[in-house]
Amino acid sequence: MTLPAAGTSQSRRTLPFANTDRLPEYTIAQGERVRLGASVQQTRGSVQDRAQHEGKSRRSMSMAPARRAAQALTAPVRGLAELLLLPRGRYARAFENLILALIVLSVASIGVETIPGLPGWAARALRIEEIVVVGVFSLEYLLRIVAAAEKRAFIVSFNGLVDLLAIAPFFLAGFDTRWLRLLRWLRLLRVLKLQTHILEATVAERTRELADKNAALERAQAQIKAELEVARALQMAILPAAFPATAGCDGAARMIPATTMGGDFYDFIELPDGRIGLVIADVSGKGVPAAFFMAVARTNLRDLAAHHADPGACLAETNEVLCTQNPLDLFVTVFYCVFDPGSGVLTYANGGHNPPYVHHPDGSVETLDGAGGLALGVMPGVVFPDHTTRLLPGDRLLLYTDGVTEAFNPSDEAYGTQRLLAEVQAPGDGAAAALIERICRSVTSFAGTAPQSDDITLTVLTRKAP
Amino acid sequence: MNVRFERLALTTLVIPEGRLDFGAAAAFQRHIEEVLAGAATASAAVIIDCSALDYVSSAGLRVFLLAARAAQRAGTSFALCALKPAVREVFELSGFSRIICVHTDRATALASAPREPA
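Residues numbered from 1 in each chain as written. Chains lettered and ligands numbered in written order. Predicted model: local features only at pLDDT ≥ 70, side-chain atom pairs only at ≥ 80, totals over all residues.

Looking now at the pairing of strand E3 (residues 276–283) of chain A. Residues and elements named next belong to chain A. Among the eight residues that make up E3, seven are buried, leaving the element largely enclosed by the rest of the structure. Counting the residues in the hairpin turn of strand E2 (residues 264–270) and E3 gives five residues, including glycine 274, whose phi is positive at 90°. Judged from the eight bridges that link them, E3 and strand E4 (residues 332–339) form a sheet pairing that is antiparallel. Looking at E4, one finds that isoleucine 280 is bridged to phenylalanine 335. (Buried ≥ 20, exposed ≤ 12 C-beta atoms within 10 Å, placed from the backbone. Helix = DSSP H or I, 4+ residues; strand = E, 2+ residues; numbered from the N terminus. Pairing = 2+ DSSP bridges.)

In structure tokens form, the structure reads like this:
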């Protein structure tokens, strides 16, 4: 930023803010005024007003010294009135208590004065007391008139008349107004009213504080929600959107997280030798920790897949890496298979995951069993045996997580493998995406109003008929 | 989920009832940690009797894994017994039945628990 040269329009522009009183000495060009905006216009306006006002008061000063003195007094008296009389005033409660005490004292004095043979000092004390009462009440009456916006309206109002009745008898007839002092009981009404005002003001303040805190909480929650939505979008974005276009086979997948962030994932990996890797995995737990672990697991597995022809070796090395990056002791069950689209050979290894199904064109279903390994991330040094099978044309491989079979309905029944297999075996569109769509609809309609307790993930690979 | 406890000589039996899912996992983990902390001085073995446990999610499996590790560090014997078929399947599929000691029933578990303080 460069400093403007002295005397340029830039330096003039800053001056009105620095010293408004000196503003009229500076000329502001017509074009510049527009750029300076409304605030300067206002400042100029108010300065001119003040100047006019001061001019007026200067004239009136010379004409009426008494009014000038009265004006000088107004501010402190007004301040005093605010302190003592307004419901939110700092000494309002103390002042009202004083008035209350004086009312009681003053009325009690009526009775004391009637006692025959009252000693002289007592009579004098009662007179001093009456002077104090009248003094304080007069001060209060004066302050109320000063504080009132509509002074005449106050004087003729009920409160104004009560205040006047409390002191007027003394000024009219001195100390001989004993029974008229009873009128001071009416003043109690105002005390009660003030207490109510104070209470209402306190309640209003607490309500406002509560509303403020509520709003702050809502803002914080909205921010967390927005951040989670972004994180969810990021998580969904790292899952492959489509199966790699490959002659001879077709694939599809879907993941429906139970919370904003899911712990399940699937992956399609195009390997250097032309084969395709398929992954389905389920991280223990839910939410943000599971989602983080999912991202770490998925990235490591995908990176290592390119360097290992055998799924078992790939899982073993991924497990070693995960065991060193696992501060929360999470683990992930993984089924990883490699499919050769040319020969139909499927090599797979299982890291503690539900065994997938193969659906044959004749309607039979085969489970891809075989000794599995441990879930990944539990402990290092685990061996994951490789298994091999062959998908024939028309065969469909279904990988799923337990969120599918353990989706519960409102009666607490699980969806189960029987319903899943019934959907797989049902006649209809044999395409991978269509099967996933059908299973998802079936699970959703089964669960009904019951909340989704676990992530639901499905992956289907079909070997096309030639 | 409800959890009951029984004491038999030097062995503490933990009996979870119902579903051990994501929502119940944290509370169950605290129960097990308390029992293991007590077991380090007063008891030779901790046995989880799963005869009333209907369901275990992956978050529940994690609690068993953490408990087995903590027990191993403390030198406390730790085992599960009497798993229902659905729960047994989860342990077998995940491979956890190979790293956590699982007995078919309570009697077998008690028979193999150490008799003297570790």
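Glancing now at the pairing of strand E3 (residues 45–49) of chain B. Residue and element names in this part refer to chain B. Burial within E3 is extensive, with five of its five residues counted as buried. Alternating positions in E3 separate into two faces, Ala45, Ile47 and Asp49 on one and Val46 and Ile48 on the other, with burial throughout. Where strand E2 (residues 11–20) and E3 come together, four bridges link them in parallel fashion. For valine 14, the partnering residue across the bridge sits in E3 and is isoleucine 48. Bridging between E3 and strand E5 (residues 77–81) involves five bridges; their strand directions are parallel. From the neighbouring strand, aspartate 49 faces E5, where its bridge partner is cysteine 81.

We now examine the sheet that holds strand E8 (residues 387–390) of chain A. Residue and element names in this part refer to chain A. The strand order across the open sheet formed by five strands is E2-E3-E4-E5-E8, and the pairing between neighbours is antiparallel. Each of the sheet's edge strands pairs with one partner strand only, and the pair in question is E2 and E8. Taken pair by pair, the neighbouring strands of this sheet meet at an average axis angle of 20°, ignoring direction. Strand direction decides the pairing type here: strand E5 (residues 345–351) and E8, joined by four bridges, are antiparallel. (Axes fitted to C-alpha atoms, helices over the stretch in contact; angles between N-to-C directions.)

Attention now moves to the packing of helix H10 (residues 287–305) of chain A against helix H11 (residues 311–324) of chain A. Residue and element names in this part refer to chain A. Following both chains from N to C, one finds H10 and H11 inclined at 140°, their axes separated by 9 Å at the closest point. When the interaxial angle is binned, H10 and H11 end up oblique. When you trace H10 past H11, the crossing you get is right-handed. When H10 is examined against H11, the residues Val296, Ala297, Asn300, Leu301, Leu304 and Ala305 are found in contact with a partner set consisting of Cys314, Glu317, Thr318, Val321 and Leu322. (Parallel < 35°, antiparallel > 145°, perpendicular 65-115°, else oblique. Left-handed = near helix turned anticlockwise from the far one by under 90°. Contact = placed C-beta atoms within 7 Å.)

By themselves, these are just geometric observations and shouldn't be taken as functional.
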